[in-house]
Amino acid sequence: MAKLDEILTFNERFVENKDYERYATDKLPHKKMAIVTCMDTRLVELLHSSMDLKNGDAKIIRNAGAIVSHPYDSVMRSILVAIYELGAEEVYVIGHYDCGMTGLTHHPVLDKAKERGVDIEQMSGVDVETFLSGFDRVEDSVRSSVDVITTHPLLPADVPVHGLVISPETGKLDLLARDQFRSK
Ligand SMILES: [Zn+2]
């Protein structure tokens, strides 16, 4: 059975059995936090559990690498919506050790795209190198993302931004930067 069909079958039972009831909450983050973190599969439940977060506690924004790459990208927009529309009062940037974005460069990605029949010439005029690059050290990336947030003109002056790195094995958090505020 295709994965999608398995999911749809499971989902019917989930709803019929009212398994959703234990997740009931509302759309506001009860702990008034917005978290930017990585899409790494090891963090799906570990991040919540290791930070004592339950369904409904925090707005979680995930991408590859927990990177806020540009002041006007979708991550920054999500942070601002979390603050202004949903009541978040703190921002956490949480990268992790052993991240797949460590050392990522555009060459192997483009090679794989070519192998799969993609005409990469369509990308001419695009800064593919920046678009498909990761970072050398997760600590530097977290600090850089914190900088993008704290220099954003739309960040309220009273919202602290914290930078951390989590272990994808133990969930241990290492604090890199705490209580960074808007600097412009
Ligand atoms: Zn990662």
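Residues numbered from 1 in each chain as written. Predicted model: local features only at pLDDT ≥ 70, side-chain atom pairs only at ≥ 80, totals over all residues. Heavy atoms only, no water.

A. Focus on the pairing of strand S1 (residues 33-38). Of all six residues that make up S1, six are buried, and the element is covered over most of its length. As judged from the six bridges shared by S1 and strand S2 (residues 58-63), these two strands associate in the parallel manner. The residue bridging valine 36 from the neighbouring strand is isoleucine 61, located in S2. Summarising the sheet, S1 and strand S3 (residues 90-96) pair through five bridges and their orientation is parallel. If you follow valine 36 over to S3, its bridge partner there is valine 93. (Buried < 20%, exposed > 50% of the residue type's maximum accessible area, 1.4 Å probe, protein only. Helix = DSSP H or I, 4+ residues; strand = E, 2+ residues; numbered from the N terminus. Pairing = 2+ DSSP bridges.)

B. A look at the coordination of the zinc ion. The zinc ion binds to the protein through Cys38 (SG), His96 (NE2) and Cys99 (SG); the donor distances cover 2.0 to 2.2 Å. When the donor residues of the zinc ion are listed from N- to C-terminus, their spacing reads C-x57-H-x2-C. Residue cysteine 38 is found in strand S1, and its partner histidine 96 is found in strand S3; the two are separated by 58 residues along the sequence. Across this residue pair, the class does not change: cysteine 38 and histidine 96 are buried. (Donors = N, O, S within 2.8 Å, 3.2 Å for Na, K, Ca; no water.)

C. How the structure looks around the pattern of salt bridges. Under the criterion given, the structure shown has 10 salt bridges. Aspartate 174 is the salt-bridge partner of lysine 172, the closest N and O atoms lying 2.7 Å from each other. Of the residues examined, lysine 172 reaches a relative accessible area of 52% and is grouped as exposed. For aspartate 174, a relative accessible area of 24% puts it in the partly exposed group. Through salt bridges with shared partners, a single ionic network connects Lys31, Asp52, Lys54 and Asp57. (Salt bridge = Lys/Arg side-chain N within 4 Å of Asp/Glu carboxyl O.)

D. Main features of the side chain of asparagine 63. Counting through the fold element by element, asparagine 63 comes out in strand S2. For asparagine 63, a relative accessible area of 18% translates into the label buried. There is a polar contact of 2.8 Å between the side chain of asparagine 63 and the backbone oxygen of isoleucine 67. Excluding anything up to four places from it in sequence, asparagine 63 contacts Thr37, Cys38, Met39 and Val75. (Polar contact = N/O pair within 3.5 Å; in protein donor to acceptor, adjacent residues only side chain to side chain. Contact = heavy atoms within 4.5 Å.)

E. Region of interest: helix H4 (residues 106-115). Residues of H4 that are buried include every one of His106, Leu110 and Ala113, and no others. Down the axis of H4, the buried set is contained in an arc of 55 degrees. They therefore lie on one face. Exposed residues on H4 whose side chains face more than 90 degrees from its buried face are His107, Lys112 and Glu115. As for H4, its buried residues are in contact with helix H5 (128-131). After H4 finishes, the residue glycine 117 shows a positive phi value of roughly 85 degrees. (Arc of directions from axis to C-beta.)

F. Quick look at the sheet that holds strand S4 (residues 161-166). On the basis of which strands lie adjacent, the open sheet formed by five strands has the order S2-S1-S3-S4-S5 and mixed pairing. In the strand order of this sheet, the two ends are held by S2 and strand S5 (173-180), each with one partner. Between one strand axis and the next, the sheet turns through 15 degrees on average, direction left out of account. Docked against the sheet, helix H2 (residues 43-50) engages S1, S2, S3 and S4, running at close to 145 degrees with respect to S2. Across the face of the sheet, helix H3 (residues 74-84) comes into contact with S1, S2 and S3 while running at roughly 175 degrees to S2. (Axes fitted to C-alpha atoms, helices over the stretch in contact; angles between N-to-C directions.)

G. Quick peek at the nonpolar core. Grouped together as the largest cluster of nonpolar side chains are 39 residues, with contacts concentrated most on Ile35, Met51, Val68, Ile79, Ile94 and Ile149. When contributions to this core are tallied by element, the ones reaching two or more residues are S1, H2, S2, H3, S3, helix H6 (138-150) and S4. Ranked by residue count, the leading element in this core is H3, at six residues. In contact with isoleucine 94, not counting residues within four places along its chain, are Ile35, Val36, Thr37, Cys38, Leu47, Met51, Ala66, Leu164, Ile166 and Leu173. Leu110, Ala113, Ile120 and Val128 belong to the second largest nonpolar core, which has five residues in total. (Core = buried A, V, L, I, M, F, W, Y, C linked by side-chain atoms within 4.5 Å.)

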